[in-house]
Amino acid sequence: MGHDHDHDHEDDHSELSDMELHVRALRTVLEQKGYIDPAALDVLIDTYETKIGPRNGARVVAKSWLDQAYRDWLFTDATAAIASLGYHGRQGEMIVALENTDSVHNLVVCTLCSCYPWPVLGLPPTWYKSAPFRSRAVKNPRGVLADFGVQLPASVSIRVWDSTAEVRYLVVPQRPKGSDGLSEEQLADLVTRDSMIGTGLPKDV
Amino acid sequence: MYESHADLGGKALHGPVIPEPEGELFHAEWERMALAITLAMGATGTWNIDESRSVRETQSNYDSLTYYQLWIQGLVALLKKHGLVEDDEVAAGKMLHPAKSLKRVLRAVDVPAVLAKGAPTLRSANSAALFAVGDQVTTRSNAVDHHTRLPAYARGRNGRVAAVYGPHVFADTHAQGLGEQPQWLYNVVFTARELWGEGADATSTVSIDAWESYLEPHS
């Protein structure tokens, strides 16, 4: 996990080919033994490539910017408030929403593996699962934010959430200034995946 | 002695974090398949998520694997451990030994419902919670000889209970095949200085989610 594949190693190509062959062989064995339904594999891949991703979370955040009653619900019982939009289940069985304010910035990590709120953010990005992020986020969060080009005033305290159990965390970033009058859909477009992990901020209007 | 290679919090010697665009999910075709077969085999109910984490984190070459390489190596280890697949079959790329019967097989038609249901770990309470929000607690200081979810950086530290999440399946026993043995789960917050010393950011905090047996009252 310590080595990113930067595609600059000479053996990279053959190594990936070996993995391709290895995974194909494994899949064939599982299929021949009747352990997997090949059609289910296609549905799984399609689900996480086209249906379950960070646009789900963006919709939750945008709604919380527009609808105070929804926002209150989100910070009281995020699992239910998020499920009301149709997002629930695997790796998001219990979700807690974290409110960014002028004085607190939330940052989510899983130092022990790669726990991540799948129903609202989809599959975690490579960096989230990488040794640099997992090792540094808890000890030097401002340094990690700097890697993402984010600098917060010293007056903002950083609250890091290490996802060590089955609770999953969704950061609710602050609504960008000048976004008055935008529709929920337009607001959702401002909500980046990284802003819901805490390594980024929403786009400017 | 049980050795996890996954407990990375606070470890030195790691470079910068490399950001990645939002839509970039896979970096090779086999990674898609690695995701799918891992999820499909997980859905058979042969092992639980804590056992699979335990198998992954104890792979001796953990540091040298990419994420999906780790998933595949862990999957093969689980398949062998449970007698579902043998090495010669993976090498040959075909079935050489009779299949074992599984609790269930994930069918395409059931995928949406299975994902939507997930595997909730919240259980009903058999005892009162020992701690309440605001309580000062100390985490256990010793390492344990099995899978655990108390990171090394948070061992033997003083923190404050910030949330009570109810009784949850206990990862430590669940991973070892010793059953769910649910325990109260808490969010416990530490100051950065308690964890990292006086050089740390004065206002930053770090929280973990900790099962009750990880904690004792701070005296």
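Every chain is numbered independently, its residues counted from 1 as its sequence is written. The lettering of chains begins at A and the numbering of ligands begins at 1, in the order of writing. Predicted model: local features are reported for residues with pLDDT of at least 70 only, side-chain atom pairs are reported and counted for 80 or more only, and whole-chain, interface and lining totals are derived from all residues. Only hydrogens and water are removed before side-chain values are computed, so all heavy atoms of the structure are retained for them.

Caption draft 1: Highlighting the overall build of chain B. Think of it this way: any DSSP run of H or I at least four residues long counts as a helix, any run of E at least two long counts as a strand, and we number them from the N terminus. Helix and strand counts for chain B stand at seven helices and five strands. In chain B, the succession of helices and strands from N to C terminus is α-α-α-α-α-β-β-α-β-α-β-β. Overall, chain B is about 60 × 45 × 40 Å in size when its C-alpha atoms are taken along their principal axes. Only protein chains enter the accessibility calculation, which uses a 1.4 Å probe; a residue is then buried when its area is under 20% of its type maximum, exposed when over 50%, and partly exposed in between. When burial is assessed residue by residue, chain B has 50% of its 219 residues classed as buried. Restricting to contacts in chain B with at least 6 residues of sequence separation, those with at least 24 account for 64%. Within this scheme the basic residues Lys and Arg register as positive and the acidic residues Asp and Glu register as negative, but His and the chain ends are omitted. Charged groups are reduced to one reference atom each: NZ for lysine, CZ for arginine, CG for aspartic acid, CD for glutamic acid. Charge centroids of chain B, computed over 19 positive and 26 negative side chains, lie 5 Å from each other. Note on contacts: a residue pair qualifies if any of its non-hydrogen atoms lie within 4.5 Å across the two residues.

Caption draft 2: Region of interest: the sheet that holds strand S2 (residues 158-168) of chain B. Criterion used throughout: strands pair if DSSP finds at least two bridges between them. An order of S2(A)-S3(A)-S4(B)-S3(B)-S2(B)-S1(B)-S5(B) is seen for the seven strands of this open sheet, with the pairing classed as mixed. Across the chains shown, the open sheet's two edge strands, defined by having one partner strand only, are strand S2 (104-109) of chain A together with strand S5 (215-217) of chain B. Between one strand axis and the next, the sheet turns by 35° as a mean value, whatever way the strands run. With axes taken as lines fitted to C-alpha atoms, and helix axes fitted only over the stretch in contact, angles between N-to-C directions fall between 0 and 180 degrees.

Caption draft 3: How the structure looks around the pairing of S2 of chain B. Residue and element names in this part refer to chain B. Examined bridge by bridge, strand S1 (residues 136-139) and S2 share three bridges and lie antiparallel to one another. What sits directly across from Val 137, in S2, is Gly 159. Relative to strand S3 (residues 183-191), S2 runs antiparallel, the two sharing seven bridges. Paired with Arg 160 across the bridge in S3 is Val 189.

Caption draft 4: Region of interest: the pattern of salt bridges. The term salt bridge refers to a pairing of a side-chain nitrogen on Lys or Arg with a carboxyl oxygen on Asp or Glu at a separation within 4 Å. Using the criterion set out here, one finds 19 salt bridges over all chains in the structure. Among the ionic pairs, Lys 33 of chain A bridges to Glu 89 of chain B, the shortest N-O distance being 2.9 Å. Here Lys 33 of chain A, found in the loop between helix H1 (12-32) and helix H2 (38-51), pairs with Glu 89 of chain B, found in helix H4 (residues 87-92), and the two come from separate chains. Both residues of the pair, Lys 33 of chain A and Glu 89 of chain B, count as buried. Residue Arg 123 of chain B is joined to Glu 180 of chain B by a salt bridge in which the shortest nitrogen-to-oxygen separation is 2.6 Å. With a gap of 57 residues between them, Arg 123 of chain B in the loop between helix H5 (111-117) and S1 and Glu 180 of chain B in the loop between helix H6 (171-175) and S3 connect regions that are remote in the sequence. Accessibility expressed as a relative area gives 26% for Arg 123 of chain B, which makes it partly exposed. In this structure Glu 180 of chain B comes out as partly exposed when scored by relative accessible area, which is 31%. Because the salt bridges share partners, they merge into one network encompassing Glu 166 and Arg 168 of chain A together with Asp 50 and Arg 53 of chain B.

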